[in-house]
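Structure at a glance
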Amino acid sequence: MPTYQYACTNCGEQLEVVQKFTDDALTECPACQGRLRKVFNAVGIVFKGSGFYRTDNRSSTSSSTTSSSPSKPATESKPAETSTPSTPASPAPASTPAA
């Protein structure tokens, strides 16, 4: 459950209350019965690491076509092609010279 912070407009008292999302906001100060207002602060969560930006999960082909396709060398795609397992090539059969 989230913790909400309130401040009284009359006496200035501040309080924190744990409430459900479905609960109604408090309107009356418990100290002076004045009007309460919700106080909004900066969010205390920071996302670090990969996977939080739009470009982190895109493949190299889609990102290369959008902005940097001319600057990428063609040799970058070669390791991906050679990394797939393949059967070893057998030597070509010796051909007999035609007379």
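These remarks concern the structure in this document. Owing to the predicted nature of the structure, the values given are computational and were not obtained by experimental measurement.

**A closer look at the overall build of the chain**
Across its full length, the chain carries two helices and three strands. Along the chain, helices (α) and strands (β) appear in the sequence β-β-β-α-α when read from the amino end. Buried residues in the chain amount to 13% of all 99 residues. Looking at the chain as shown, the accessible area adds up to about 8800 Å², and 54% of this sits on carbon and sulfur atoms.

**Here's the deal with a nonpolar patch on the surface**
On the surface, Val43, Ile45 and Phe47 cluster together to form a nonpolar patch covering roughly 350 Å² of accessible area. Mapped onto the elements, isoleucine 45 comes out in the loop between β3 (36–39) and α1 (60–68).

**Some points on the nonpolar core**
A general feature of soluble globular proteins is that nonpolar side chains tend to end up buried together. Listed in full, the seven residues of the largest apolar core are Tyr4, Tyr6, Cys8, Leu15, Val17, Cys29 and Leu36. Only β1 (3–8) and β2 (14–18) provide two or more residues apiece to this core. Element by element, the count of residues in this core is highest for β1, at three residues. If we skip the residues at most four places from it in the chain, cysteine 8 touches Glu13, Cys29, Cys32, Gly34, Arg35 and Leu36.

About the cut-offs
- Residues numbered from 1 in each chain as written.
- Predicted model: local features only at pLDDT ≥ 70, side-chain atom pairs only at ≥ 80, totals over all residues.
- Heavy atoms only, no water.
- Helix = DSSP H or I, 4+ residues; strand = E, 2+ residues; numbered from the N terminus.
- Buried < 20%, exposed > 50% of the residue type's maximum accessible area, 1.4 Å probe, protein only.
- Areas by Shrake-Rupley, 256 points an atom, 1.4 Å probe, with all protein chains shown as cover.
- Patch = residues over 30% accessible without salt bridge, like charges linked within 9 Å, V, L, I, M, F, W, Y side chains within 5 Å.
- Salt bridge = Lys/Arg side-chain N within 4 Å of Asp/Glu carboxyl O.
- Core = buried A, V, L, I, M, F, W, Y, C linked by side-chain atoms within 4.5 Å.
- Contact = heavy atoms within 4.5 Å.

Honestly, it's all geometry; don't read function into it.
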